[in-house]
Amino acid sequence: AQSVTQPDARVTVSEGASLQLRCKYSYSATPYLFWYVQYPRQGLQLLLKYYSGDPVVQGVNSFEAEFSKSNSSFHLQKASVHWSDSAVYFCALSRPGSFNKLTFGAGTRLAVCP
Amino acid sequence: EAAVTQSPRNKVAVTGGKVTLSCNQTNNHNNMYWYRQDTGHGLRLIHYSYGAGSTEKGDIPDGYKASRPSQENFSLILELATPSQTSVYFCASGDVGASAETLYFGSGTRLTVL
């Protein structure tokens, strides 16, 4: 069985600071990996995804993530955060061949302080 | 633009009552999904569908039924609601046969079972 762990339930950073949200996964092969963001009172929206090739993937709004097979990780990064980035971020994986049945982490709530 | 609409937005039900949550998508996607979101658990898959007339059990199907009468509509049914089913429910649609494709989520239904 596969699983996703987001070790930080809450992260607080100052506006303009850099950001890393951590994601570790457990799966016997290389999964497909995703980061979704949930703004208040909204559904989830895709930030970026990895399924093959370059381990560094670029997403919307200047987010990027790096896939590491050796560390079983897919950490999300941003060079300079804005107050509007305050939201809940979910890491998720799917097994190749399982269509879009995603396994989600518990989420990390990001607060950006002015 | 891809659109997934859920109704109602909020619902209060009594224990033992029947609850139906509705979802409509205009994406013409074959796959549709029902997730519930609980603090500390992220999103967990309840039921999903590959197309009109099909429903499949997800990871936590007990106490729930699903119905897919058409390509556009996917309902989640709680025949005998219990307080443990108090949660936020999300519907999503996605492309068939494309494991790394994006899921499009609705804005969620907040269900409280008293």
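Just so it is clear, the model here is predicted, and its values are computed rather than measured. (Residues numbered from 1 in each chain as written. Chains lettered and ligands numbered in written order. Predicted model: local features only at pLDDT ≥ 70, side-chain atom pairs only at ≥ 80, totals over all residues. Heavy atoms only, no water.)

### Focus on the packing of aromatic side chains
For any pair of aromatic rings, geometry is given as the distance between the ring centres together with the angle between the planes. As a reminder of what qualifies: Ring pairs shown here join Phe, Tyr and Trp side chains whose ring centres sit within 6.5 Å, with only the six-membered ring taken for Trp; geometry is labelled stacked below 30 degrees between planes, edge-to-face above 60, and tilted in between. Numbering of helices and strands starts at the N terminus; helices are DSSP runs of H or I of at least 4 residues and strands are runs of E of at least 2. Relative accessibility thresholds used throughout: buried, under 20% of the residue-type maximum; exposed, over 50%; partly exposed, between the two (1.4 Å probe, protein chains only).
What the rule picks out here adds up to 16 aromatic pairs over all chains. A ring pair is formed by A:Tyr25 and A:Phe67, whose centres lie 6.2 Å apart and whose planes are at 20°; its orientation type is stacked. Here A:Phe67 lies in strand S8 (residues 64-68) and A:Tyr25 lies in strand S4 (residues 24-26), a separation of 42 residues in the sequence. Each member of the pair, A:Tyr25 as well as A:Phe67, carries the same accessibility label: buried. Through a chain of ring-to-ring contacts, three or more aromatic side chains come together here, namely A:Phe34, A:Tyr36, A:Phe90, A:Phe104, B:Tyr33, B:Tyr35, B:Tyr48, B:Tyr50 and B:Phe105.

### Here's the deal with the sheet that holds strand S7 (residues 65-67) of chain B
Hydrogen bonds between backbone groups are what pair the strands of a sheet, and the pairing can be parallel or antiparallel. All names here are of chain B. Note the cut-off: DSSP calls a pair of strands paired once it identifies at least 2 bridges connecting them. Under this scheme, a helix contributes an axis fitted over its contacting stretch, all axes are lines through C-alpha atoms, and angles between N-to-C directions fall in the 0 to 180 degree range.
On the basis of which strands lie adjacent, the open sheet formed by four strands has the order S1-S3-S8-S7 and antiparallel pairing. At either margin of the open sheet sits one strand with a lone partner, and together these are strand S1 (4-7) and S7. Averaged over all adjacent pairs, the angle separating strand axes in this sheet is 20°, with direction ignored. The pairing of S1 with strand S3 (residues 19-25) spans four bridges and is classified as antiparallel. From the neighbouring strand, glutamine 6 faces S3, where its bridge partner is cysteine 23.

### Describing the environment of A:Phe74
Residues and elements named next belong to chain A. So the rule is basically this: Contacts are assigned to residue pairs with any non-hydrogen atoms lying within 4.5 Å of each other.
Checked against the element boundaries, phenylalanine 74 lands in strand S9 (residues 73-78). Given the relative accessible area of 0%, phenylalanine 74 is considered buried. Along the sequence, phenylalanine 74 and alanine 17 sit 57 residues apart, while their C-alpha atoms lie 20 Å from each other. Excluding residues within four positions of it along the chain, phenylalanine 74 makes contact with Cys23, Leu33, Phe34, Trp35, Leu48, Tyr50, Val57, Ala65, Glu66, Phe67 and Cys91.

### Observations regarding the state of the cysteines
Two cysteines form a disulfide when their sulfur atoms are joined by a covalent bond. As a reminder, the rule being used: Count a disulfide wherever a pair of cysteine sulfur atoms falls within 2.5 Å.
Applying the stated criterion to the full structure yields two disulfides over all chains. Sulfur-sulfur distance for the disulfide between A:Cys23 and A:Cys91 comes to 2.0 Å. With the S-S bond torsion at -65°, the cross-link from A:Cys23 to A:Cys91 turns out left-handed. Note that A:Cys23 is positioned in the loop between strand S3 (19-21) and S4 and A:Cys91 in strand S10 (residues 87-94), a separation of 68 residues in sequence. As far as the burial class goes, A:Cys23 and A:Cys91 line up, both buried. Disulfide pairing places B:Cys23 opposite B:Cys91 at an S-S distance of 2.0 Å. Disulfide B:Cys23-B:Cys91: the torsion about the S-S bond is -80°, which places it as left-handed. Placement of the pair is B:Cys23 in strand S3 and B:Cys91 in strand S9 (residues 87-94), with a sequence separation of 68 residues. By relative accessible area, B:Cys91 is classed as buried at 0%.

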